[in-house]
Amino acid sequence: MHPPRRTALSGFGLKWLAVCTMLVDHIGAAILEPVFLLPLYGLYKGGGAGLPGWYEPLLLADMALRAVGRLAFPLFCFLLAEGFCHTRDRRRYALQLLTFALLSEIPFDLAFALTPFAPDYQNVYFTLFFGVLSLQLLVWLEGRALLQVLGVGLCCLAAAGLSADYGAMGVLLVALFYLTRRQPAARAAMGSAALLSLGASEIPALFSLLPISLYSGEKGQGPKWFFYWFYPLHLLLLWGAGRLIAGAVAL
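This one's a predicted model, so the numbers in the text were calculated from it and none came from an experiment.

Novice: I'd like a description of the overall build of the chain, backed by residues and values.
Specialist: The number of helices and strands found in the chain is 11 helices and 0 strands. Mapped in sequence order, the helices and strands of the chain form the string α-α-α-α-α-α-α-α-α-α-α. Considering only C-alpha atoms, the chain reaches an extent of 65 × 50 × 35 Å along its principal axes. The proportion of buried residues among the 251 residues of the chain is 43%. When contacts within the chain are restricted to residue pairs at least 6 apart in sequence, those whose partners lie at least 24 apart make up 74%. Approximately 13400 Å² of the chain is accessible, and the part contributed by carbon and sulfur atoms is 69%.

Novice: If you had to explain a positive patch on the surface to someone new, which residues and values would you point to?
Specialist: A surface patch of like charges, here positive, comprises R88, R92, K219 and K224. Note that R88 resides in the loop between α4 (72-86) and α5 (90-113). You can call R88 exposed: its relative accessible area is 88%.

Novice: Talk me through unusual backbone geometry; I want residue IDs and the actual numbers.
Specialist: Of note in the backbone geometry, L114 takes a positive phi value of approximately 60 degrees without being a glycine. With respect to the helices, strands and loops of the structure, L114 is situated in the loop between α5 and α6 (124-140). According to the relative accessible area criterion, L114 is partly exposed, its value standing at 40%. With phi around 60 degrees, S163 is a residue other than glycine that occupies positive phi space. For S163, the position within the fold is in the loop between α7 (145-161) and α8 (167-179). With a relative accessible area of 27%, S163 lands in the partly exposed category.

Novice: Hey, could you go over the state of the cysteines for me, with residue numbers and the actual values?
Specialist: This model, assessed by the stated rule, comprises 0 disulfides. Cysteine C77 shares no disulfide, and the gap to the nearest cysteine sulfur, in C156, comes to 11 Å. Exposure remark for C77: the relative accessible area of 0% places this residue in the buried category. In this structure C85 is not part of a disulfide, and its nearest cysteine sulfur, from C77, lies 14 Å away.

Novice: I'd love a proper account of the environment of V24, names of residues and values included.
Specialist: Take V24: it is sitting in helix α1 (residues 11-37). Setting aside residues no more than four positions away along its own chain, V24 makes contact with L65 and V68.

Novice: Break down a nonpolar patch on the surface for me, with residues and values.
Specialist: Among the surface-exposed residues, L103, W225, W229, L233 and L236 lie close enough to one another that they form a single nonpolar patch of about 470 Å² accessible area. Ranked by residues supplied to the nonpolar patch, first place goes to helix α11 (residues 224-250) with 4 residues. Topologically, L236 is positioned in helix α11.

Novice: Account for the nonpolar core, naming residues and giving values.
Specialist: Membership of the largest hydrophobic core comes to 58 residues, with the highest contact counts inside it found for L97, Y125, L135 and F177. Among the elements that make up this core, the one with the highest residue count is α6 (10 residues). Apart from residues lying up to four places away in sequence, F177 is in contact with P74, C77, F78, A81, R187, L209 and I212.

Novice: Give me the pattern of salt bridges: which residues, what numbers.
Specialist: Enumeration according to the criterion identifies 4 salt bridges in this entry. Across the pair R66 and E33 runs a salt bridge, and its minimum N-O distance is 2.8 Å. Of this pair, R66 sits in helix α3 (residues 55-69) while E33 sits in helix α1; the two residues are 33 residues apart in sequence, bridging distant segments of the chain. Its relative accessible area of 25% is what places R66 among the partly exposed residues. Its relative accessible area of 18% is what places E33 among the buried residues. Across the pair E202 and R70 runs a salt bridge, and its minimum N-O distance is 3.4 Å.

The rules behind these values
Residues numbered from 1 in each chain as written. Predicted model: local features only at pLDDT ≥ 70, side-chain atom pairs only at ≥ 80, totals over all residues. Heavy atoms only, no water. Helix = DSSP H or I, 4+ residues; strand = E, 2+ residues; numbered from the N terminus. Buried < 20%, exposed > 50% of the residue type's maximum accessible area, 1.4 Å probe, protein only. Contact = heavy atoms within 4.5 Å. Areas by Shrake-Rupley, 256 points an atom, 1.4 Å probe, with all protein chains shown as cover. Patch = residues over 30% accessible without salt bridge, like charges linked within 9 Å, V, L, I, M, F, W, Y side chains within 5 Å. Salt bridge = Lys/Arg side-chain N within 4 Å of Asp/Glu carboxyl O. Lys, Arg positive; Asp, Glu negative; His and termini not counted. Charge placed at Lys NZ, Arg CZ, Asp CG, Glu CD. Disulfide = S-S within 2.5 Å. Core = buried A, V, L, I, M, F, W, Y, C linked by side-chain atoms within 4.5 Å.

Below, the structure is given as structure tokens:
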């Protein structure tokens, strides 16, 4: 009699979970907030005078969507560290991230700033790019701990200086997942500490550690380029949908 098989998730299974939770998050951030909530924020701040009855339920719905979305980034960081370990060409891996960072910037600004150029905040692909760069520095500087710390620190500073999404802590989370890839308990402890350092809003992100703990170590099967293109394309679609809804609401 064979022992029961443990439920496991492949790399592509985790990617689908990350993509779905990210989409949920961005529906709140790119549609509910700019179309419905932010235009009425001044009234809400002033005590709620004149607010429609649907405002508070919609606010709660947005909070729920954003909470679900907190799972996405840790999943992507974990998958990035795994991808770095298994890719045959790390230089190409980094260049792909940088390419999609550049391709995604206008969709990112349109979706979240409603303008094609918003230099004060950059998309998450830049964070992931610096994350991979930090991992390469860890490999190059293996055995020289001080230089490794300095290398990761410089990548964190670069992400923070660029005002990339999740900034320095995002890069550090990638590095921590890489360093603890064979130590599940340390991964959970250090990942939790890094996420909680970002503030109480990241408490739901701790639930991402559960599917990560179920990772099978297998890549699985799925459309590789879909996950790269999904980010800029879904941002453009959400921006377009938001503008259409905003126009309809204004009629």
